[in-house]
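Each chain, written out:
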Amino acid sequence: TQLLEQSPQFLSIQEGENLTVYCNSSSVFSSLQWYRQEPGEGPVLLVTVVTGGEVKKLKRLTFQFGDARKDSSLHITAAQPGDTGLYLCAGESMDSNYQLIWGAGTKLIIKP
Amino acid sequence: DTAVSQTPKYLVTQMGNDKSIKCEQNLGHDTMYWYKQDSKKFLKIMFSYNNKELIINETVPNRFSPKSPDKAHLNLHINSLELGDSAVYFCASSRLNSPLHFGNGTRLTVT
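Note that this is a predicted model, so its numbers are computed, not measured. (Residues numbered from 1 in each chain as written. Chains lettered and ligands numbered in written order. Predicted model: local features only at pLDDT ≥ 70, side-chain atom pairs only at ≥ 80, totals over all residues. Heavy atoms only, no water.)

Undergrad: I tried to follow the overall build of chain A on my own but got confused; where do I start?
TA: What chain A contains, in helices and strands, is 0 helices and 11 strands. Along chain A, from the amino end to the carboxyl end, the secondary structure elements read β-β-β-β-β-β-β-β-β-β-β. On C-alpha atoms alone, chain A measures out to a radius of gyration of 14 Å, which is about the 13 Å that the 2.2 N^0.38 rule sets for 112 residues. Of all 112 residues assigned to chain A, the portion counted as buried reaches 46%. Relative to all contacts within chain A whose residues are 6 or more apart in sequence, the contacts with residues 24 or more apart total 55%. Accessible surface, chain A as shown: approximately 5300 Å² in total, 50% of it carbon and sulfur. The positive charge centre, built from 9 side chains, and the negative charge centre, built from 11, are 4 Å apart in chain A. (Helix = DSSP H or I, 4+ residues; strand = E, 2+ residues; numbered from the N terminus. Rg over C-alpha atoms; globule rule 2.2 N^0.38 Å. Buried < 20%, exposed > 50% of the residue type's maximum accessible area, 1.4 Å probe, protein only. Contact = heavy atoms within 4.5 Å. Areas by Shrake-Rupley, 256 points an atom, 1.4 Å probe, with all protein chains shown as cover. Lys, Arg positive; Asp, Glu negative; His and termini not counted. Charge placed at Lys NZ, Arg CZ, Asp CG, Glu CD.)

This is how it looks when you write it as structure tokens:
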């Protein structure tokens, strides 16, 4: 069974601080997607990383895919209250039948 | 303008009842999904349909039955509701092997 371990599960920090969220697995993924979910809404895609070692930036958010395509990280610089939400990673399985393996999520609270 | 819309937003019902949740997408996607998000926010795939054909059917009670009348719709019917069915149910759609577009969820409360 493929697993994607996401950490930390919960993070509460002050505005202006930096943070990193991790997703780790022993399995190789075709790609890895990061979503953000706000209360009362569905997850919304932030980015997809495909190539081992790939780094993508979305304003203050930096996403990295591990060289072996087994892990990924999300780094937020100078966090803002608007970054508050549930961050989810999802790995695309290399098995047949397009299947996403989901992390358990990181609940992030940025205090003003 | 809504890309993936599901109704109702909230559903409160008693144990033993039968209920349906509807989902429609106007993105032209060929694949649709139902996910269950529990109280710990874990997202679990339930079903996936591609061009109206079932392609993913995870281990869910057979009280849950998806129905896809066409590519733009995937409804979820639940028979004999139980307390443990309380959760938020998300519909999503995508092109095959592409990221998902989610609806805003249906919060089901079984009393």
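After presenting the structure, the write-up continues.
Undergrad: Would you mind going over the state of the cysteines with me for this structure?
TA: Disulfide: a covalent bond connecting the sulfur atoms of a pair of cysteines. In the structure shown here, the tally under the stated rule is 2 disulfides over all chains. What pairs with Cys23(A) in a disulfide is Cys89(A), and their sulfur atoms sit 1.7 Å apart. Linking Cys23(A) and Cys89(A), the disulfide has an S-S dihedral of approximately -90° and is accordingly described as left-handed. With Cys23(A) in strand β3 (residues 19-24) and Cys89(A) in strand β9 (residues 85-93), the pair connects residues that are 66 residues apart, well separated along the chain. Note that Cys23(B) is cross-linked by a disulfide to Cys91(B), the S-S spacing being 1.8 Å. (Disulfide = S-S within 2.5 Å.)

Undergrad: Where do I start with the interface of chain B and chain A in this structure?
TA: Interfaces are often described in size by the accessible area the parts lose on coming together. Listed by partner, the interface residues are 20 residues for chain B and 19 residues for chain A. Linking chain B with chain A are 0 salt bridges. The tally of links from chain B across to chain A stands at 6 residue pairs in polar contact (both at pLDDT 80 or more). Sorting the residues of the side of chain B that touches chain A by element identifies β4 (31-37), β5 (43-50) and β6 (53-57) of chain B as the ones contributing at least two each. For the side of chain B that touches chain A, the leading source of residues is β4(B), giving 3 residues. Here the side of chain B that touches chain A is composed, by residue class, of 11 nonpolar, 5 polar and 4 charged. (Salt bridge = Lys/Arg side-chain N within 4 Å of Asp/Glu carboxyl O. Polar contact = N/O pair within 3.5 Å; in protein donor to acceptor, adjacent residues only side chain to side chain. Nonpolar A, V, L, I, M, F, W, Y, C, P; charged D, E, K, R; others polar.)

Undergrad: Any chance you could explain the side chain of Asp83(A) here in plain terms?
TA: Summarising the element assignment, Asp83(A) is placed in the loop between β8 (71-76) and β9. Ignoring any residue separated from it by four or fewer positions in sequence, one finds Asp83(A) in contact with Arg36(A), Arg60(A), Leu61(A), Ile76(A), Leu108(A) and Ile110(A).

Undergrad: Would you mind going over the environment of Ala92(B) with me for this structure?
TA: All names here are of chain B. Within the fold, alanine 92 resides in strand β9 (residues 87-94). Look at alanine 92 and you get buried, because its relative accessible area is 0%. Residues alanine 92 and methionine 32, spaced 60 residues apart in sequence, show a C-alpha to C-alpha distance of 5.6 Å. Apart from the residues lying within four places of it in its own chain, the contact partners of alanine 92 are Thr31, Met32, Tyr33, Leu100, His101 and Phe102.

Undergrad: Can you help me understand the packing of aromatic side chains in this one?
TA: Geometrically, a pair of aromatic rings is defined through the distance of the ring centres and the angle of the planes. Counting across every chain of the model gives 9 aromatic pairs over all chains. Between Trp102(A) and Phe102(B), the ring centres sit 5.9 Å apart and the planes meet at 75°, which makes this aromatic pair edge-to-face. Highlighted residues: Trp102(A) in strand β10 (residues 100-102) and Phe102(B) in strand β10 (residues 101-102), drawn from two different chains. Across the pair, exposure class does not vary: Trp102(A) and Phe102(B) are buried alike. (Phe/Tyr/Trp six-rings, centres within 6.5 Å; stacked < 30°, edge-to-face > 60°.)

Undergrad: I'm lost on the pattern of salt bridges in this one. Help?
TA: Two side chains carrying opposite charge are able to pair once their charged atoms lie near each other. Residue and element names in this part refer to chain B. Per the stated rule, a full pass over the model turns up 5 salt bridges over all chains. A salt bridge links aspartate 85 to arginine 63, with the shortest nitrogen-to-oxygen separation between them at 2.8 Å. Of the two residues, aspartate 85 sits in the loop between β8 (73-78) and β9 while arginine 63 sits in the loop between β6 and β7 (64-70), which places them 22 residues apart along the sequence. Judged by relative accessible area, aspartate 85 falls into the buried class, the value being 3%.

Undergrad: Just to check I follow, could you spell out a positive patch on the surface for this structure?
TA: Positive charge collects at one region of the surface, where Lys107(A), Lys9(B), Lys41(B) and Arg107(B) lie side by side. Within the secondary structure layout, Lys41(B) lies in the loop between β4 and β5. (Patch = residues over 30% accessible without salt bridge, like charges linked within 9 Å, V, L, I, M, F, W, Y side chains within 5 Å.)

Just distances and angles here, no functional claims.
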